[in-house]
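# Observations on chain architecture
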Amino acid sequence: MTTSVVAALAAMLLFVAFGPRLGDRLPPAAATVVLTVGSVIVAGSTGLVLAVLALTWLGQVPLIASMADWSAAELDASSPIPEFIAVGGLALLLAAGLRLLIRAVGRGRALVEVRRAHRGAPALVIVVDSDRPDAFATPSPGGRIVVTSALTEALSPAEQRVVVAHEWAHLRLGHTWWLLLADLAEAVNPLLRPTTGVVRHAVERWADEHAAREVGNRELVARTIARVALLRHDAGNPAVIPAATGGQVPRRVRALLAPSPGRRPWLAAVLVVLLMCSAVTTVAVERTGDALFDGVGTVQER
Amino acid sequence: MPRRTKGSLEREVRAVLTAASQPLTPGQVRDALGGDLAYTTVLTVLSRLFEKGEVARETLGRGYAYTAPYDAAELAARRMALMLDDEADREAVLTRFVHGLQPEDEHLLRGLLSQ
């Protein structure tokens with residue numbers, strides 16, 4: 001059991017450390033999918049490993065042992081997990097659960113609030129009267145594209161088309177949901193923060209490439225991004241953005257000014273193998289944990 | 001009569017104002033809704049709708065008379081205007097065209113634009 005726990009943690013740490021670096025070099029769509037799925041696997045693995053560790057200690061509580069029909073003394077004797085690790089696992093599990101709950105409720109509320117706000121809006125694009133240059137898409141399905149009057153006044157029709165094409169890609173490809181999955185996984189395991197940052201950037205790059213194809217001009221998309229970013233900056237929008245997104249606008253612009261990215265299938269393969277290791281070792285932890293509890297049963301049914 | 005939720009009461013009040021041909025006082029709105037509501041409840045709903053920018057009002061005597069001058073598109077636009085403020089949870093469910101710039105990004109971008 002100790003071996004499988006160590007292996008599961010090692011696989012997890014490998015992904016957390018190398019996932020963002022490798023993912024950053026993948027084409028945006030592949031990076032989004034592989035890193036988000038990876039984050040969810042790592043978060044699930046985190047929860048499961050912590051739960052098994054916690055149970056080796058919780059199972060020794062007399063009430064729980066009697067309810068579950070196993071011997072607390074035997075469990076104490078045969079569990080290879082030191083008590084302080086098991087108790088630490090329990091504490092981390094509770095913290096992760098609490099963080100996930102708080103974040104899920106907060107994001108859920110925001111989803112409802114946004115949906116209510118554009119209920120009944122007859123058009124896909126909503127122009128909001130505001131002197132703050134801004135544009136965003138609300139979650140699909142049934143999402144809307146919101147553009148402020150300050151932005152439409154400052155941009156040429158061609159540039160406006162870029163903004164709408166970019167947001168339309170977010171809507172059509174359900175980008176919010178990828179972001180939310182990565183975001184919730186990070187609530188469970190904060191070590192995933194760099195991974196989530198890369199997913200955020202990848203989703204923007206994905207939409208940029210779509211917009212570039214739609215308007216047939218990568219340079220125009222690059223210029224529009226730079227112009228909107230500077231307009232927002234000049235309008236005094238505070239940079240209250242997580243540090244992980246800093247420097248992303250210049251990177252998006254540069255990526256569009258360079259030729260479109262190659263596919264690099266072997267990079268994706270490395271990540272998938274890492275994730276499979278994580279999944280397999282997690283299953284091993286679950287199995288060995290199961291075996292431990294089967295072995296200490298006072299009433300053996302099988 | 002079944003209890004109304006906050007949201008459905010707001011919708012009913014807006015519907016009454018939209019249907020009316022002239023500005024309505026809170027008392028008139030209450031009568032139009034069937035009269036089983038407390039005056040203060042109607043007043044609260046009207047002030048909340050006004051704060052959200054979904055209805056307009058004018059002074060009438062010592063109080064206000066309310067109108068609903070916006071169509072569905074304008075209403076959505078007014079509500080979405082409130083979504084422009086950054087707030088962590090909302091930020092996480094919206095996909096923005098660009099986020100903020102770091103101070104050093106500004107020079108970089110101006111350089112890239114002038115190329």
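Bear in mind the structure is a predicted one, so any value in this text is a computation, not a measurement.

With that out of the way, let us pick up the interface of chain A and chain B. Of the residues lining the interface, 60 residues belong to chain A; the matching set on chain B comes to 34 residues. When chain A packs against chain B, the two sides together hide about 4200 Å² of surface, and 66% of this comes from carbon and sulfur. Summed over the three residues of chain A that lose the most area to chain B, namely A:Ala117, A:Phe136 and A:Leu230, the buried surface amounts to 14% of that side. Summed over the shared surface of chain A and chain B, the result is 4 salt bridges. One salt bridge in this structure joins B:Arg96 and A:Asp134, with 2.9 Å as the shortest N-O distance. There are 14 residue pairs in polar contact (both at pLDDT 80 or more) connecting chain A and chain B. For the side of chain A that touches chain B, the elements supplying multiple residues, two or more each, are helix H5 (83-117), strand E1 (125-128), strand E2 (135-137), strand E3 (145-148), helix H7 (157-172), helix H8 (175-188), helix H10 (218-234) and helix H11 (248-257) of chain A. With 11 residues, H10(A) is the largest single contributor of residues to the side of chain A that touches chain B. In this sheet, strand E3 (residues 95-96) of chain B lies alongside E2(A) in antiparallel orientation, the contact comprising 2 bridges.

Here the residue pair A:Ser140 and A:Pro141 is connected by a cis peptide bond, since its omega of -5° sits within 30 degrees of zero. Along the chain, A:Pro141 falls in the loop between E2 and E3.

Split by domain assignment, chain B resolves into domain 1 (6-67) and domain 2 (84-114). Its C-alpha centre places domain 1 of chain B at a distance of 40 Å from the equivalent point of domain 2 of chain B.

Residue and element names in this part refer to chain A. With burial as the criterion, only one face of E1 is covered, namely that bearing Ile126 and Val128; the residues Val125 and Val127 on the opposite face remain uncovered. Of the strand pairs in this sheet, E1 and E3 are connected by 4 bridges, and their pairing is parallel. The residue of E3 that forms the bridge with Ile126 is Val146.

Moving on: a positive patch on the surface. Residues A:Arg116, A:Arg119, B:Lys6 and B:Arg11 make up a contiguous surface patch of positive charge. Residue position: B:Arg11 is located in helix H1 (residues 6-19).

Another point: a nonpolar patch on the surface. All names here are of chain A. Together, Leu98, Leu101, Ile102 and Val105 give the surface a local cluster of nonpolar side chains, amounting to about 400 Å² of exposed area. Summarising the element assignment, Ile102 is placed in helix H5. Ile102 gets classed as exposed once you look at its relative accessible area, which sits at 57%.

Here the focus is the pairing of strand E1 (residues 56-60) of chain B. Residues and elements named next belong to chain B. Where E1 lies against strand E2 (residues 63-67), 5 bridges are found, and the strand directions are antiparallel. Of the residues in E2, the one forming a bridge with Leu60 is Gly63. Hairpin connection of E1 to E2: 2 residues between the antiparallel strands, including Gly61 at a positive phi of 60°.

Attention now goes to the nonpolar core. A:Val221, A:Ile225, A:Val249, A:Val253, B:Phe97 and B:Leu109 are the most contacted members of the largest nonpolar core, which has 29 residues in total. Mapped onto this core, the elements with two or more residues apiece are E2, E3, H7, helix H9 (193-215), H10 and H11 of chain A together with helix H6 (103-114) of chain B. Among the elements that make up this core, the one with the highest residue count is H10(A) (8 residues). When sequence neighbours within four positions are dropped, the list of residues in contact with B:Leu109 reads A:Ala226, A:Ala229, A:Leu230, A:Val249, A:Pro250, A:Val253 and B:Leu101. Judged by nonpolar contacts, the second largest core, of 25 residues, contains A:Val16, A:Ala43, A:Ala202 and A:Ala268.

Moving on: the packing of aromatic side chains. The geometry of an aromatic ring pair is captured by the separation of the ring centres together with the interplanar angle, meaning the angle of the planes. Here the structure, examined in full by the defined rule, presents 2 aromatic pairs over all chains. Between A:Trp70 and A:Phe293, the ring centres sit 4.6 Å apart and the planes meet at 50°, which makes this aromatic pair tilted. One end of the pair, A:Trp70, is in the loop between helix H3 (62-68) and helix H4 (72-78); the other, A:Phe293, is in helix H12 (residues 265-295), with 223 residues separating them in the sequence. Accessibility assignment for this pair places A:Trp70 and A:Phe293 in one class, buried. Centroid distance B:Tyr64 to B:Tyr66: 6.4 Å. Interplanar angle 65°. Geometry classified as edge-to-face. When its relative accessible area of 37% is taken as the criterion, B:Tyr64 is described as partly exposed.

Conventions used here
Residues numbered from 1 in each chain as written. Chains lettered and ligands numbered in written order. Predicted model: local features only at pLDDT ≥ 70, side-chain atom pairs only at ≥ 80, totals over all residues. Heavy atoms only, no water. Contact = heavy atoms within 4.5 Å. Buried area = accessible area lost by both parts, 1.4 Å probe. Salt bridge = Lys/Arg side-chain N within 4 Å of Asp/Glu carboxyl O. Polar contact = N/O pair within 3.5 Å; in protein donor to acceptor, adjacent residues only side chain to side chain. Helix = DSSP H or I, 4+ residues; strand = E, 2+ residues; numbered from the N terminus. Pairing = 2+ DSSP bridges. Domains from an automatic or database assignment. Buried < 20%, exposed > 50% of the residue type's maximum accessible area, 1.4 Å probe, protein only. Patch = residues over 30% accessible without salt bridge, like charges linked within 9 Å, V, L, I, M, F, W, Y side chains within 5 Å. Areas by Shrake-Rupley, 256 points an atom, 1.4 Å probe, with all protein chains shown as cover. Lys, Arg positive; Asp, Glu negative; His and termini not counted. Charge placed at Lys NZ, Arg CZ, Asp CG, Glu CD. Core = buried A, V, L, I, M, F, W, Y, C linked by side-chain atoms within 4.5 Å. Phe/Tyr/Trp six-rings, centres within 6.5 Å; stacked < 30°, edge-to-face > 60°.

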